2 protein chains.
Amino acid sequence: MSKTIAVESLEKIEQSDSLGVVETRYFTFAKASDELTLESGERLGPLTLAYETYGKLNAQKTNAVLILHALSGDAHAAGYHEGDEKPGWWDEMIGHGKAFDTDTYFVICSNVLGGCKGSTGSSSINPVTNKPYGLDFPAITIKDMVNAQRHLIDHLGIEKLLCVVGGSMGGMQALQWAASYPERVRSVIPIATTLKHSPQQIAFNEVGRQAIMADPDWKGGNYYGGTFPAKGLAVARMIGHITYMSDISMSEKFGRRFNNGKIHSRFGAEFEVEGYLHYHGDNFVRRFDANSYLYITKALDYFDLSNGKTLYEVFQEIKAKFLIIAFKSDWLYPTYQSKEILKICKLVGIEATYCEINSTYGHDAFLLEIEEETHLVKHFLKKVFNGYAVVENYGI
Amino acid sequence: MSKTIAVESLEKIEQSDSLGVVETRYFTFAKASDELTLESGERLGPLTLAYETYGKLNAQKTNAVLILHALSGDAHAAGYHEGDEKPGWWDEMIGHGKAFDTDTYFVICSNVLGGCKGSTGSSSINPVTNKPYGLDFPAITIKDMVNAQRHLIDHLGIEKLLCVVGGSMGGMQALQWAASYPERVRSVIPIATTLKHSPQQIAFNEVGRQAIMADPDWKGGNYYGGTFPAKGLAVARMIGHITYMSDISMSEKFGRRFNNGKIHSRFGAEFEVEGYLHYHGDNFVRRFDANSYLYITKALDYFDLSNGKTLYEVFQEIKAKFLIIAFKSDWLYPTYQSKEILKICKLVGIEATYCEINSTYGHDAFLLEIEEETHLVKHFLKKVFNGYAVVENYGI
């Protein structure tokens, strides 16, 4: 009897904080008039976006929150896919009673244009050749990603988003949403992000790209159907992982301990941190397309919200309220870059709150500091939803 | 007439601060008794070290300064090789009137064991097989490098070094000298260095190694006589370059400007920083051996001065005076690591001066902040040479 009760309790707990089984859906805009004119000037279509939604759109359509993912993310932000053991990448933030409470909000997440998780990208079939695009896929930018998402939001019948939110590249998309569609965004939560990519950020991406393109299996991007450039992409991912963590979080996690006691195992893994990097590098190549990595990192590097104007001009048009979140030990997107967002908001009179979370996790913190983020986001979203002022500043 | 005078003045200036033409010499210890027992337990010999000397050893043999180079350095620290346009790597610090004034001091620099600039390393001929060692070369450590140098110092007839000095890996060797041979070192100048390699430092090296080993031309290290694994080594070097600079120095140097105005040149260089990385990556492969890069980065990663003891025990044996130099924007060897050297010196009562230079150059600063370093080193060396106390602390 007690066993049955325990199982029931467990089920209740699971039901209480998980969205349960969710499904990815696909939206294709195929009409010629729906072709996207990209920033490069090229046109792209037909175009599919993979997306998921959680919760229900209210009758007034005022409760929609658009979640935007980072470099290696996808549309599967929360809940479980049938048969999966792991939930979506931001499951702890989305669901009943969570930061993005699905009892109140209608949450949307789509895989970016250029991605490899169901949205049109370099690994998709080029309708002209009937083969994967490879490098015939046009260059894309953060603005292009946002323009594609706008079609999806139209399709869902949403005129105005309550909030656009994301960390890292997701934050760039959130900023771009507010700048590109000022009438359609009520609030923005840019997390661990920047107004433009710096030379150091570009440099790390470029070395990753060079590693991929140095792999002879890459074959100028025409590897589909052949051997995947796994070694190159693994090196790129390993570089990424170092930049996502911090000196201190690595020291806490690994120390300097040898995986085995011996000096020199012919350049195999001897330190825990090496084993960790190998594991994550090898894992990544099973779930990500090498060309997509090239295209999306380039989109990051092109990112400069001012885009030929002054930042003042760009932000003067923005009508949204801001909650800006940054992490003290994040050296890939250092806090000074988030403070620059706050500064320009204040200069033009935008309601903006800046929060610096005292985390040691580095850039990864935006996926890990759930408790702090939940507190901040919940409070902020509630106020925006109810139409209150939201200005408060923490940690500066 | 005025032209002649100008040329004469120029020559005088050159003579006044350059050592002129210098030559690399080679010291081989070939006797069986001279074989080196390495930390791994393996024995290595015969063994050659390439070295250069500047200035003259005095009659009492009390003016010898040993300069220790970093990862990609060599024995050619100062002056010009016949026909070369560029002087040695620390020329601005070594010569008449400079920090290491060759009018007063006898300066020695040798290429490390495991290197590829004249000292025995993985690209040397293995006397057993008559072919280059490749991965049959044994694993080496910083301690092994120092033990090999000790033979050279014996050969030069020097019982006690006035100073051992180096930046980065050179600083580790300097620390190891003081620990391994306490009776033979009067002073130590560790610059931009650490008592042990951290997981983050290991991680950056490991990704570089993975890039090299992912290059199919690497062929398990047996590429001699065939195609050089240039792409892999270039990627490794590019990663290194990012870590040698700082976010701010990169922003000052490159901004975000495009090399050309166009979006998407099929993943060629579009940003100045990309061009810079490509240039330095390509350059490096013409002057450095890929296997040496593997061996020397491993030596760095193994480095832990305490080596099974406590730091207190290690430093209690040390008799040298310390001048510790670090740079504020160095995030590869952050200042906290230099402060740890100061702390342990103070704990055991070693005379130690710590100087934190307010540079934006990042780790590269040890090669660039010549004026500050000259001031500090000159002052310190003079006091050690004359037997005065040297304790002063700046910047903390």
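So, how was this worked out
Every residue gets a number counted from 1 within its own chain, in the order that chain's sequence is written. Think of it this way: whatever chain is written first is A, whatever ligand is written first is 1, and the rest follow in order. This being a predicted model, a pLDDT of at least 70 is required before a residue's local features are given, and a value of 80 or more before pairs of side-chain atoms are given or counted; all residues contribute to the totals for chains, interfaces and linings. Nonpolar cores are built from buried Ala, Val, Leu, Ile, Met, Phe, Trp, Tyr and Cys residues. These are joined into a set through C-beta atoms within 7 Å. Put simply, a residue is buried when 20 or more other C-beta atoms lie within 10 Å of its own C-beta and exposed when 12 or fewer do; between those, it is partly exposed, and each C-beta is set from the backbone. Any two residues are considered in contact once their C-beta atoms, placed from the backbone, lie within 7 Å. What counts as a helix is a DSSP run of H or I of at least four residues, what counts as a strand is a run of E of at least two, and both are numbered from the N terminus. The directions considered for the arc are those from the helix axis to the C-beta atoms. For two strands to pair, DSSP has to find at least two bridges joining them. Angles here are taken between N-to-C directions and fall from 0 to 180 degrees, while the axes themselves are lines fitted to C-alpha atoms, restricted in helices to the stretch in contact. In this classification, the charged set is Asp, Glu, Lys and Arg, the nonpolar set is Ala, Val, Leu, Ile, Met, Phe, Trp, Tyr, Cys and Pro, and all remaining amino acids, among them Gly, are polar.

J.: Would you mind going over the nonpolar core in detail, with residue names and values included?
T.: If you look at the biggest cluster of nonpolar residues, it comprises 254 residues, and the most contacted ones within it are Val65 and Val164 of chain A together with Val65 and Val164 of chain B. Aside from chain neighbours lying at most four places away, what touches Val65 of chain A is Phe100, Tyr105, Phe106, Val107, Leu162, Cys163 and Val165 of chain A.

J.: Got a sec to walk through helix 6 (residues 247-254) of chain A? Specific residues and values, please.
T.: When we look at burial in helix 6 of chain A, the residues that qualify are Asp247, Ser249, Met250 and Phe254 of chain A. The buried residues of helix 6 of chain A occupy one face: seen down the axis, they fall within an arc of 165 degrees. Packing partners of the buried residues in helix 6 of chain A comprise helix 7 (272-285) of chain A together with helix 4 (199-214) of chain B. Gly255 of chain A lies just past helix 6 of chain A and shows a positive phi near 55 degrees.

J.: How would you sum up the sheet that holds strand 8 (residues 106-110) of chain A? Please name residues and give values.
T.: All names here are of chain A. Taken in spatial order, the eight strands make up an open sheet running 1-4-8-5-11-12-13-14, and their pairing is mixed. Of all the strands in the sheet, just strand 1 (25-29) and strand 14 (352-357) have a single pairing partner and so form its edges. Averaged over all neighbouring strand pairs, the angle between strand axes comes to 20 degrees, with direction disregarded. Two strands pair when backbone bridges link them, and strand 12 (residues 187-191) and strand 13 (residues 321-327) are joined in this way by three bridges, in the parallel orientation. Bridge pairing in strand 13 places Ser187 opposite Lys321. Its contacts with the sheet put helix 3 (residues 169-180) on strand 5 (64-68), strand 11 (163-167) and strand 12, and the angle it makes with strand 11 is roughly 150 degrees.

J.: Break down the sheet that holds strand 11 (residues 163-167) of chain B for me, citing the residues and quoting the values.
T.: Residue and element names in this part refer to chain B. In space, the eight strands of this open sheet follow the order 1-4-8-5-11-12-13-14, with mixed pairing throughout. Looking along the sheet, the strands with just one partner apiece sit at the ends: strand 1 (25-29) and strand 14 (352-357). Across the sheet, the mean angle from the axis of one strand to that of its neighbour is 20 degrees, orientation sign disregarded. Bridge count between strand 5 (residues 64-68) and strand 11: four bridges; the pairing is parallel. Residue pairing in the sheet places Val65 in a bridge with Cys163 of strand 11. Sitting on the sheet, helix 3 (residues 169-180) touches strand 5, strand 11 and strand 12 (187-191), and the angle it makes with strand 11 is about 150 degrees. Its contacts with the sheet put helix 10 (residues 335-348) on strand 12, strand 13 (321-327) and strand 14, and the angle it makes with strand 14 is roughly 165 degrees.

J.: How would you explain the interface of chain A and chain B if you had to name every residue and give the values?
T.: Contacts between chain A and chain B engage 46 residues on the former and 46 residues on the latter. When residues of the side of chain A that touches chain B are traced back to their parent elements, those giving at least two are helix 4 (199-214), helix 5 (230-244), helix 6, helix 7 and helix 8 (290-302) of chain A. Grouping the amino acids of the side of chain A that touches chain B by side-chain chemistry returns 26 nonpolar, eight polar and twelve charged.

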